[in-house]
Amino acid sequence: MHLTATMVKSAALEAGADLVGIAAAGRWRNAPPELSPRGIMPDAQSVIVIAVSLTDAGTELTGVDDPQKAGLGEVTGLAWKRLDHASYRIGKFIEKYGFQSMPIVCTSLWRYRAYKQVDNGNVFLPDISHIHAGAAAGLGDIGYSGLLITPEYGPRVRLASVITSAPLQADPLYYGPPLCDRCRQCVKACREACAAALVKDIDGECVVNIEDKTWRYVKINKWRCAWGEHFSLDLKKVPIPDRAGEKDVIQAMAEHDVEGWLNGRCQKFCLPPHLRKKDPAYCAPLRRKRQFGPRHEYPNHNRKVADEVKRITLAGGADLTRIVSAEDFLAATGIKLQDYMPDARSAVLLGVDNVRGLQSEASKVAYARADYPNMDELRNNMQETYLPSDIAQQRLVFIGLDATRYLEQLGYSVLCCIQTLGIFAGKLGALAGAAGDRRLGLLLTSAPFISDPADKTPPAIAHVKKQDAAKLTVRLKALALERGADLVGIAPTRRLQELQPQIEKFAAQEGNDYFIAQDVGRLSKGAFAPKIMDKKIRVYSPFDYLKDARAVIVLGMHWFDAALDNAGRPPAEAVGPYGFAQSETIAQLDDIALDVIKQLRSGGYEAAFSYDLHGAAGLVTGSCASGRSYYGMPWRGAGLYPDATANSFAAIAAGLGELGWSGAVLTPEYGNRQRFVSIITDAPLTADPLYNGPALCHQCRQCVKACPTLALSGKETVFSIEGKQFKRGNCNRLRCDWSKRYGLIGDAGPKYIGSQADLKPPQTITRENLCEALKQTDHLQKACMVIVEKCLKVCPAGGKYSKIN
């Protein structure tokens, strides 16, 4: 079937976008090549730009008095997660029709210094400007402050883009009534309680020309604007110099801890003329006029709306939806909803059951909060990598946004307390009932709902009748593929038991002297303060997750070939799309796994989840993974996610492919270009045969030659499963970490983001010389990091779509 713009737009809206527009790549002819679609991907034909709206209540009521204090219903981080999820889904949809796609992460990746003399009107450079892309796709106008203003939501949107080789029909540019009348409300708000970047140190204007339209906006000093946002400096206590620059920021970060992320007032106080509504009794910013209004022309209206809210949340995967009137909420909790949203008349309580991980791990169920954790708190509760409990929080985000969108489209106000629960966190137990291990969220709404009766239904009795193994296996595989997995395989636990001692012997090559360094410094931009921790590598088995484990379901997803093929390639030298593809592929897989786990639970079976079943993989630094557990708190710094070898042994035991020399799995469908997650279950599933096709690894050792730290050896380790042998090269974990975990090798990706740190590892890595190297980490770019593994990039067994093979 021919791919059309209408089909792509439909897929975007289904994935969660509120607005979608399409621009032809030629509309960037006046842009610097380094910031253009074809500079990033030479065969780009179109750019799809999507927007997710920020809820009106969340914008108008939170962070108004203090822009560096998170408030109840803060939705920016939720919009980021929705955008990343949706842009990835759009890219996968387009690839089904044979075209290349490259989603660009919605935010958080910046080069803070001038890069190769590129001038885009200011110093800070993203891979591509989503604001300019939104204008090119006809979504609206660029206002005086430099924000994209849409006719539907004003500037209350966040944006993401997908570059593709598909030649799609472009939308016309916006030619409606002017959306920015130069009212200067943004200037006033910035002067009063922000960084005054729209007032001081102005250097003329930026000019953007696309076809026959020209946009002009103020050319601010980005260092000033980013003082409280990117660099999280206290706007009240840390004075900004009249002409702020790089040295001023670095010095201020050395002397001051993190205050909190800045919620820009330029976005809160701006609305186009046709959307403005003054309501000072409700909020300080202007209120957005409703596109639609609530109607009460027949008595069952609210019941119908309430039923639809429950349908939406149930379809989205909620394990709990309960509606409570404001009066009953006050009686149960002592909290008056109107104190937090003046027109609140009811609340919708949402819950998603947590996913189990290792039995030895304590369940880290933490409510999202309305204050920013201080640095001591974060240092004492440092999360090394993703947790299975992140999965329930991610789904809760999507469910909350879906219900919020529905109610807002009817004209109701909604304060979406998913990212920030604050005072409500300790009060919801009485309303949630026997919630168990569950993530909770709350929607405050002006919809006048009647309370649901207390749930007195006894717990359902688990269905324990043995199901036909073959039918259950087919049903689970079909569900995973329908939800978006590209590969599904099942391994019996006996194969993994056979592998266990072999993996333990392989891991023991590191000896007892393996160690890691954690950053206990500012945890964002600023100096790296290393703390050395000895770490014994323990190899886990399925029985560490479930004592009665019988099978492991392995889900795989192919990520975008274009992201790797073009990583670091001139003129754009963009590596952000590759980092995003790695991190978001994992997020997509764990969302699919949640539905598989729910299906298993509904049949009376237990299930646990793992990003790295054996715990034998390494970790990769990357800002695309930052803030995953906090949803919208990026000052935590670069995140760590499992590397490409995660779940490799589970995948080969499930028959999905063979080991490559680098340790990544090679599959006949996609080469080394996929990621895997594992679901451990006591269900009696039918195992898949081991891979028995043509050899996929050419034993060429190109990965060994390309390794920038000489971590990968030409010597091999052989693993055996049921008589079949699998080979991979030996790897020195400390040397691999030097590049992959700590980002100390410029050519491995950091230099393309703008990092000035480039340190070759010594012959022997010690605690002392690792600490000294980490202290030289780039103070500005340490939280904006992407690693492009050379061993994956040079592999001739790359995916079938790869152009480098």
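Residues numbered from 1 in each chain as written. Predicted model: local features only at pLDDT ≥ 70, side-chain atom pairs only at ≥ 80, totals over all residues. Heavy atoms only, no water.

Enquirer: Please set out the overall build of the protein chain residue by residue, giving values where relevant.
Expert: In terms of regular secondary structure, the protein chain is built from 24 helices and 26 strands. Whereas a compact globule of 805 residues would reach a radius of gyration of roughly 28 Å, the protein chain reaches 26 Å, a difference of no more than 12%. With the C-alpha coordinates aligned to their principal axes, the bounding extent of the protein chain is approximately 75 × 65 × 55 Å. Per-residue burial over the protein chain gives 64% buried out of 805 residues. Carbon and sulfur atoms provide 51% of the accessible area of the protein chain, an area that totals close to 30,700 Å². Computed over 99 positive and 86 negative side-chain charges, the separation of the two mean positions in the protein chain equals 1 Å. (Helix = DSSP H or I, 4+ residues; strand = E, 2+ residues; numbered from the N terminus. Rg over C-alpha atoms; globule rule 2.2 N^0.38 Å. Buried < 20%, exposed > 50% of the residue type's maximum accessible area, 1.4 Å probe, protein only. Areas by Shrake-Rupley, 256 points an atom, 1.4 Å probe, with all protein chains shown as cover. Lys, Arg positive; Asp, Glu negative; His and termini not counted. Charge placed at Lys NZ, Arg CZ, Asp CG, Glu CD.)

Enquirer: Account for helix 18 (residues 576-602), naming residues and giving values.
Expert: An α-helix turns once per 3.6 residues; consequently, residues spaced three or four apart project the same way. Under the 1.5 Å per step criterion, the end-to-end length of helix 18 is 39 Å for 27 residues, consistent within 8% with the ideal 39 Å. Phi turns positive one or two residues past the end of helix 18, at G604, with a value near 90 degrees. (Expected span 1.5 Å × (residues − 1).)

Enquirer: Break down helix 8 (residues 246-255) for me, with residues and values.
Expert: Burial in helix 8 covers these residues: V249, A252 and M253. Viewed along the axis of helix 8, the buried residues span an arc of 100 degrees, placing them on a single side of the element. Relative to its buried face, helix 8 has exposed residues pointing more than 90 degrees away, namely K247, A254 and E255. If you follow the buried residues of helix 8, they end up packed against helix 7 (222-225). (Arc of directions from axis to C-beta. Contact = heavy atoms within 4.5 Å.)

Enquirer: Kindly report on the sheet that holds strand 11 (residues 320-325), identifying the contributing residues and their values.
Expert: Taking strand neighbours across the sheet as the criterion, the 4 strands line up as 11-12-14-13 in an open arrangement whose pairing is antiparallel. The sheet terminates laterally at strand 11 and strand 13 (414-417), the two strands that pair on one side only. Mean inter-strand twist for the sheet, computed between neighbouring axes without regard to direction, equals 15 degrees. In this sheet, strand 12 (residues 346-353) lies alongside strand 11 in antiparallel orientation, the contact comprising 6 bridges. Residue pairing in the sheet places T321 in a bridge with L350 of strand 12. Against the sheet, helix 13 (residues 389-409) engages strand 12, strand 13 and strand 14 (438-445), with an angle of about 15 degrees to strand 14. (Pairing = 2+ DSSP bridges. Axes fitted to C-alpha atoms, helices over the stretch in contact; angles between N-to-C directions.)

Enquirer: I'd love a proper account of the packing of helix 13 against helix 18, names of residues and values included.
Expert: One can describe the packing of helix 13 onto helix 18 by two numbers: an axis separation of 10 Å at closest approach and a directional angle of 90 degrees. Put simply, helix 13 runs roughly perpendicular to helix 18. Between helix 13 and helix 18, the residues in contact are I391, Q394, R395 and F398 and A587, D590, D591, L594 and D595, respectively. (Parallel < 35°, antiparallel > 145°, perpendicular 65-115°, else oblique.)

Enquirer: Quick rundown of the environment of L159? Include the residues and the values.
Expert: Residue position: L159 is located in strand 6 (residues 157-164). A relative accessible area of 9% places L159 in the buried class. Distance in space between the C-alpha atoms of L159 and S129 is 9.5 Å, their sequence separation being 30 residues. In this view, L159 contacts I50, A51, L83, C106, H130, I131, L139 and L148; residues no more than four positions away in its chain are not counted.

Enquirer: For the packing of aromatic side chains, give the residues involved together with the corresponding values.
Expert: Two descriptors summarise a pair of aromatic rings, namely the distance from one centre to the other and the angle between the planes of the rings. Counted under the stated rule, the structure contains 13 aromatic pairs. Measuring from centroid to centroid gives 5.0 Å for Y112 and F124, while their planes differ by 90 degrees, and the two rings are edge-to-face. With Y112 in the loop between strand 3 (101-104) and helix 5 (130-136) and F124 in the loop between strand 3 and helix 5, the pair connects residues that are 12 residues apart, well separated along the chain. With a centroid separation of 5.3 Å and an interplanar angle of 50 degrees, the aromatic rings of Y112 and F231 are classed as tilted. You can see Y112 sitting in the loop between strand 3 and helix 5 and its partner F231 sitting in the loop between helix 7 and helix 8, a full 119 residues away along the chain. Take F231: its relative accessible area is 0%, and that puts it in the buried class. A connected cluster of aromatic rings, assembled from ring pairs, spans Y112, F124, W223 and F231. (Phe/Tyr/Trp six-rings, centres within 6.5 Å; stacked < 30°, edge-to-face > 60°.)

Enquirer: Please provide a residue-by-residue account of the pattern of salt bridges, values included.
Expert: Tallied over the full model, the rule gives 43 salt bridges. We note a salt bridge from D181 to R276, for which the minimum N-O separation is 2.8 Å. Of the two residues, D181 is situated in the loop between strand 6 and helix 6 (185-193) and R276 in strand 9 (residues 276-277); the sequence distance between them amounts to 95 residues. We classify R276 as partly exposed; its relative accessible area is 22%. Measuring nitrogen to oxygen at the nearest pair gives 2.8 Å for the salt bridge that ties E205 to R216. Separated by 11 residues along the polypeptide, E205 in strand 7 (residues 205-210) and R216 in strand 8 (residues 213-218) bring together distant segments of the chain. By relative accessible area, which is 43% here, E205 ends up partly exposed. Given the relative accessible area of 40%, R216 is considered partly exposed. Counted as one network, the salt bridges with shared partners bring together D56, E60, R156, D279, R287, R288, R290 and D343. (Salt bridge = Lys/Arg side-chain N within 4 Å of Asp/Glu carboxyl O.)

Enquirer: Give a detailed account of the sheet that holds strand 19 (residues 607-610), specifying residues and quantitative values.
Expert: The sheet built from 4 strands is open, its strands ordered 15-18-24-19 with antiparallel pairing. On the outer flanks of this sheet lie strand 15 (487-492) and strand 19, each paired with one strand and no other. Pairwise comparison of adjacent strand axes, ignoring direction, gives a mean angle of 25 degrees for this sheet. Sheet topology note: the strand 18 (residues 551-558)/strand 24 (residues 674-681) ladder contains 8 bridges and is antiparallel.

Enquirer: So what about the packing of helix 10 (residues 301-316) against helix 13? Which residues, and what values?
Expert: As a packed pair, helix 10 and helix 13 sit with axes 9 Å apart at the nearest point and diverge in direction by 155 degrees. Judged on the interaxial angle alone, helix 13 and helix 10 are roughly antiparallel. Here the hand of the crossing between helix 10 and helix 13 comes out right-handed. Counting all contacts with helix 10, which are made through V305, E308, V309, I312, T313 and G316, the residues of helix 13 involved are R395, I399, D402, A403, Y406 and L407. A class-by-class count of the residues in the contact of helix 10 with helix 13 yields 7 nonpolar, 2 polar and 3 charged. (Left-handed = near helix turned anticlockwise from the far one by under 90°. Nonpolar A, V, L, I, M, F, W, Y, C, P; charged D, E, K, R; others polar.)

Enquirer: Give me the lowdown on the confidence of the model for the protein chain, citing residues and values where you can.
Expert: Looking at the protein chain as a whole, the pLDDT averages 90, with 91% of positions reaching at least 70. Confidence over residues 801-805 falls short of pLDDT 50; this stretch has 15 contacts with residues more than four positions distant or in other chains. (pLDDT = per-residue confidence, 0-100.)

Enquirer: Before we move on, could you go through the state of the cysteines and cite the residues and values that matter?
Expert: By definition, a disulfide links two cysteine residues through a covalent bond between their sulfur atoms. One pass over the structure, following the stated rule, counts 0 disulfides. C707 takes part in no disulfide bond, and the closest cysteine sulfur to it belongs to C736, at a distance of 6.5 Å. For C707, a relative accessible area of 13% translates into the label buried. (Disulfide = S-S within 2.5 Å.)

Enquirer: Could you give an account of unusual backbone geometry, naming the residues involved and the relevant values?
Expert: Going from P570 to P571, the amide bond is cis rather than trans, its omega being 5 degrees. In this fold, P571 is placed in the loop between helix 17 (561-565) and helix 18. The backbone phi angle of S232 is positive, close to 55 degrees, even though this residue is not glycine. Along the chain, S232 turns up in the loop between helix 7 and helix 8. Although it is not a glycine, N647 sits at a positive phi angle of roughly 65 degrees. Following the sequence through the fold, N647 ends up in the loop between strand 21 (639-642) and helix 19 (648-653). Residue N647 is classed as buried on the basis of its relative accessible area, which comes to 2%.

Enquirer: Kindly report on the pairing of strand 20 (residues 619-622), identifying the contributing residues and their values.
Expert: Judged by which residues are buried, strand 20 turns out to be covered on both faces: L619 and T621 on one side and V620 and G622 on the other are all buried. Sheet analysis places strand 20 next to strand 21, joined by 4 bridges and oriented antiparallel. Bridging from a neighbouring strand, G622 pairs with G639 of strand 21.

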